[in-house]
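Per-entry structural report
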Amino acid sequence: MTLPSGQHSAAPSMPDFDSPYFAAIDLGSNSFHMLVVRLNGDKIDIIDREKEMVQIARGMQANGTLDADAEQRALECLTRFSERIRTIPNAQVRAVGTKALRAAKNAKKFLRRAEEALGTSVQIISGYEEARLVYTGLSNTVTNDDHQRLVIDIGGGSTEFVIGKSYDAIMLESLPLGCVTYSESFRLRDDTLTAASMKRAYLAACNELEAIRKNYLRKGWDIAYGTSGTMRAIAELVAERDGGAVITKESLEAVIQQVIKDGGVNNDAITKLRQDVLPGGLAVLQAIFDELKLSTIHVANATLKEGLVYDTIGRFSDHDSRVATIAQLKQRYEIDDDQAQRVSKTALSLWQQLDAPDLPGVSRTKILRWAAELHEIGLSISHTGFHHHGYYILRHSDLAGFGRYEQYILANLVRSHRKKLSLIRFDELDKHAVAAFVPLLLCLRLSVKLHRHREDIEELPSLSIKDKKIVLTFNQDWLDAHPLTQSGLEQEISSLKNIGLELQVKGVQ
């Protein structure tokens, strides 16, 4: 693995790391993966990798919750993984959950236990973000040329589809097509695997693919890649015909007929757990070949975890994908960048004066900066309730580089930067997270008040907080010259009381 060159490189402006080691952990619907790498100049050396077929998607109950057995398998696996990563700085470890955890109704409760077992935070990512990371992994591990690529990643609970060129993803989609869920839903196991059940699974997959087929065929591609363990296992089944590096339509159809005849997958080179869920993957892949008019898929080794490593390294340099996302949002919603920078500068100045609790899994300085830069994102929709529109945009958009929890924090900062306050809004935060969130919100709200005139402030106030008493200190002459701002701050005293804070505004000579 080599760091990418050119404008997408993680190498320029690379800081000194506390450790040369990075780790990526993928809590997939079928398998949990761990990848440990070491930075070696402009190369990334793979030091260790581990995979366990936890199959949490098989533990999804009819009521939408994970059953106790699936949770226990997952926690035992993460406890084993924790031994390997405990000496790597937390900032250099990224753990993400995908489709099954996106869907599970008890995911929040499970995540608390998962983070305790693993020893680091776990972010649930959207299907869009999952697709982006898959493409990041592939684009950094295959030869980059002028070819437009289609990348397909069949997981346990979803399948990601990306069209991209070089390091850039152009189209990204995630559909609920998974080898585990399809094997379970259509009973593609043991004596219930028949030509009829495979046909039902195939037709269901075709129906899902209708949502993207036309747009993807219109965009087109020069070469198709398949990633994930399902693709590699199917490549193993067709190895005698295709050599193991590609999957052809003819070979896939022949293997499916053999699997139907045998009543399941029978290949000693594939583990029993993988054999059990592979029929669902075969049905999904057959539908993909037909709906997207494919003849050959090239099988690649890089997947989400490799993408996660590159993305994490990028966060330490000048290639944090989230920065590009913020810039795109500012441009799309025509945000006044001068005002955004004023509010951001003041909010960060206030923030640096405070000693506040950590917010696990979130860079507090970065999230405050981005919230300040985006606090007026809803103005293009409404001039009165724009903070609510801003919340909706940030909460429900696909934001490249952001996990769902980060989006939740960002969206709530923007929603709560003005008007009434209530802790009820922050229902997904536990007491510790609320204690870490409130100082960020305080700095953003005060900064917005101070820049009501949309002008720079030469002398910023000082801010201190002890227990829940906040003291904001100005030069008295400045305060006397800005009575409207002073009135706004007095109104803020009442607002902050709703979240248990006491604000005092002082002027000194």
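This write-up is about the structure you can find in this document. Each chain has its residues counted from 1, following the order in which its sequence is written. At least 70 in pLDDT is required for a residue's local features to be given in this predicted model, at least 80 for side-chain atom pairs to be given and counted, and no such filter applies to totals for whole chains, interfaces and linings, which use all residues. Only hydrogens and water are removed before side-chain values are computed, so all heavy atoms of the structure are retained for them.

**Quick notes on the packing of helix H14 (residues 364-373) against helix H16 (residues 404-415)**
In a pair of packed helices, the angle between the axes and the distance between the axes together describe the arrangement. Where we set the bar: Helix axes are fitted to C-alpha atoms over the stretch in contact, other axes to C-alpha atoms as well, and angles between N-to-C directions run from 0 to 180 degrees. Helical segments are the DSSP runs of H or I of at least four residues, strand segments are the runs of E of at least two, and each set is numbered from the N terminus. Should an angle fall under 35 degrees it is called roughly parallel, over 145 degrees roughly antiparallel, and 65 to 115 degrees roughly perpendicular, with every other angle called oblique. Left-handed describes a crossing whose near helix is turned anticlockwise from the far helix through less than a right angle; right-handed describes the clockwise counterpart. Any pair of residues with heavy atoms lying within 4.5 Å of one another is described as a contacting pair.
Where H14 meets H16, the axes come as close as 9 Å, and the angle between the chain directions of the two elements is 45°. As the angle between them shows, H14 and H16 are arranged oblique. In this structure, H14 meets H16 at a crossing whose hand is right-handed. Facing H14, whose interface residues are Ile367, Trp370 and Ala371, H16 presents Glu406, Ile409, Leu410, Leu413 and Val414.

**Details of the nonpolar core**
Put simply, the test is: Residues grouped as a nonpolar core are buried Ala, Val, Leu, Ile, Met, Phe, Trp, Tyr and Cys residues, joined through side-chain atoms within 4.5 Å. Residue burial is assigned from relative accessible area. The probe radius is 1.4 Å, only protein chains are included, and a residue is buried under 20% of its type maximum, exposed over 50%, and partly exposed in between.
Ranked by internal contacts, the top residues of the largest apolar core, which has 60 residues, are Ile367, Ile377, Leu394, Ile409, Leu410, Leu413 and Leu463. Among the elements that take part in this core, helix H17 (residues 431-450) stands out by supplying 13 residues, more than any other. Counting residues in each nonpolar core, the second largest holds 45 residues, with Ile154, Leu278, Leu285 and Leu292 among its members.

**Brief notes about the pairing of strand E11 (residues 296-299)**
Put simply, the rule is: A pair of strands counts as paired when DSSP detects no fewer than two bridges linking them.
Burial along E11 is one-sided: the face carrying Ile297 and Val299 is buried and the face carrying Thr296 and His298 is not. Inspection of the sheet shows strand E9 (residues 223-227) paired to E11 by 2 bridges, in the parallel sense. When the sheet's bridge partners are listed, Gly226 is paired in E11 with Val299. With 3 bridges connecting them, strand E10 (residues 246-248) and E11 associate as antiparallel partners. Across the sheet, the residue bridging to Thr248 is Thr296, located in E11.

**Details of the environment of Glu428**
Residue position: Glu428 is located in the loop between H16 and H17. We classify Glu428 as partly exposed; its relative accessible area is 33%. Discounting chain neighbours no more than four positions away, the residues touching Glu428 are Lys108, Arg395 and Tyr408.

**Examining the pattern of salt bridges**
Here is the rule we go by: Salt-bridge detection follows one rule: a side-chain nitrogen of Lys or Arg within 4 Å of a carboxyl oxygen of Asp or Glu.
Taken as a whole, this structure holds 30 salt bridges when the rule is applied. Put simply, Arg454 and Glu376 hold a salt bridge, and the shortest N to O gap is 2.9 Å. Linking Arg454 in the loop between H17 and strand E12 (462-466) with Glu376 in the loop between H14 and helix H15 (386-396), this pair joins segments that are 78 residues apart in sequence. Relative accessible area serves as the criterion here: at 34%, Arg454 is assigned to the partly exposed category. Put simply, Glu492 and Arg445 hold a salt bridge, and the shortest N to O gap is 2.5 Å. In this pair, Glu492 sits in helix H19 (residues 483-497) while Arg445 sits in helix H17, placing the two residues 47 residues apart along the sequence.

**Considering the sheet that holds E10**
Spatially, the 6 strands line up as an open sheet ordered E8-E7-E6-E9-E11-E10, and their pairing is mixed. With partners counted over all chains shown, the strands left at the sheet margins are strand E8 (168-175) and E10, one partner each. On average, each strand axis in the sheet is inclined to that of its neighbour by 25°, with strand direction left out of account. Against the sheet, helix H4 (residues 127-139) makes contact with strand E6 (148-154), strand E7 (159-165), E8 and E9, and its axis sits at roughly 135° relative to E8, the strand it touches most. Against the sheet, helix H10 (residues 272-291) contacts E6, E7, E10 and E11, and its axis sits at roughly 155° relative to E6.

**Overview of the sheet that holds strand E1 (residues 21-27)**
Sheet architecture is open: 5 strands sit in the order E3-E2-E1-E4-E5, paired in mixed fashion. Edge positions in the open sheet fall to strand E3 (43-52) and strand E5 (123-124), since each of these has one partner strand only. One ladder, built from 7 bridges, connects E1 with strand E2 (residues 32-40); its direction is antiparallel. Across the sheet, Phe22 pairs through a bridge with Val37, a residue of E2. Lying on the sheet, helix H1 (residues 68-85) is in contact with E1, E2, E3 and strand E4 (93-97); it crosses E2 at an angle near 10°.

None of the figures reported here should be taken as evidence of function without further support.
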